[in-house]
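Secondary and tertiary structure notes
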Amino acid sequence: MPEETLKPTDLEVDLKEVEKKLEAMKIKDIEISAGRQFKRGGVTAIAIYLVGLAMSLFHIWVLTIRAIDPWYFRTMHIVFAGALVFALVPGWKTKRADRIPIADIIFILM
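What this report covers is the structure whose coordinates are included nearby. Counting starts from 1 at the beginning of each chain's written sequence and moves along it residue by residue. Only residues with pLDDT of 70 or above have their local features reported here, since the model is predicted, and side-chain atom pairs are shown and tallied only from 80 upward, although totals for entire chains, interfaces and linings are computed over all residues. Neither water nor hydrogens contribute to the side-chain values; these are computed over all heavy atoms in the structure.

Before going further, it helps to spend a moment on the environment of Arg-96. Numbering of helices and strands runs from the N terminus; a helix is a DSSP stretch of H or I covering at least four residues, while a strand is a stretch of E covering at least two. With respect to the helices, strands and loops of the structure, Arg-96 is situated in the loop between α3 (70-88) and α4 (102-109). Spatially, the C-alpha atoms of Arg-96 and Arg-36 are 9.0 Å apart, while their sequence positions differ by 60 residues.

The subject of this paragraph is the packing of helix α2 (residues 43-64) against α3. To get an axis, a line is fitted to the C-alpha atoms, and for a helix only the part in contact is used. The angle between two axes follows their N-to-C directions and goes from 0 to 180 degrees. At a minimum axis distance of 10 Å, the contact between α2 and α3 shows a crossing angle of 160°. Considered as vectors, α2 and α3 are oriented roughly antiparallel to each other. Where α2 crosses over α3, the two elements pack in a sense that is left-handed. Only Phe-73, Met-76, His-77, Phe-80, Ala-81, Leu-84, Ala-87 and Leu-88 of α3 make contact with α2, whose side of the interface consists of Ile-48, Val-51, Gly-52, Ala-54, Met-55, Phe-58, His-59, Val-62 and Leu-63. Lys, Arg, Asp and Glu make up the charged group, whereas Ala, Val, Leu, Ile, Met, Phe, Trp, Tyr, Cys and Pro make up the nonpolar group; the residues left over, Gly among them, are polar. The residue inventory of the contact of α2 with α3, partitioned by class, reads 14 nonpolar, 3 polar and no charged. Throughout, the term roughly parallel applies to angles under 35 degrees, roughly antiparallel to angles over 145, roughly perpendicular to angles from 65 to 115, and oblique to all others. Each crossing is labelled by how the near helix is turned from the far one, with a counterclockwise turn of less than a right angle marking it left-handed and a clockwise turn marking it right-handed. Here a residue-residue contact requires only that any non-hydrogen atoms of the pair lie within 4.5 Å.

A word on the side chain of His-59. Here His-59 lies in helix α2. Between N or O atoms, a polar contact is any pair within 3.5 Å; within protein, one atom must be a potential hydrogen donor and the other a potential acceptor, and residues adjacent in sequence are included only when both atoms are from side chains. Among the polar contacts listed, one links the side chain of His-59 to the backbone oxygen of Met-55, at a separation of 2.7 Å. With sequence-adjacent residues up to four places away left out, His-59 is seen in contact with Phe-73 and His-77.

Right, let's get into the layout of surface pockets. What the second largest pocket holds in volume is close to 150 Å³. If you list the elements that add at least two residues to the lining of the second largest pocket, you get α2 and α3. For the lining of the second largest pocket, the element with the most residues is α2, which contributes 4 residues. Think of a 1 Å grid over the protein atoms and nothing else: a 1.4 Å probe that fits but is trapped marks a cavity, an open set flanked by protein within 12 Å on at least five of seven lines marks a pocket, and residues with an atom within 4 Å of a point count as lining. Grid points are joined across faces, edges and corners, and a volume is the space filled by probe spheres set on the points.

The following block contains the structure:
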């Protein structure tokens, strides 16, 4: 028996089909989202860009120029990644998707 080959169109996800399946399973709280949307060139967008850039430069510096203890490296990796996750991924539904809630800002600063 010849195996079926998948076409690129077979791998696409139909959002309406996913919503129907979620509705059939009586799951209503799940929202399909790509994350927060920030105004290009806004203060928040620039701050997130700078944190990501600092994370990248830190990794390059530590891995090529100046090696540090792995525990410090891993800790800094988690700090950078945690700040970016709290800034980019909404933890709950908010009225405005272009702002970071105060609770997330507190978690970022911790």
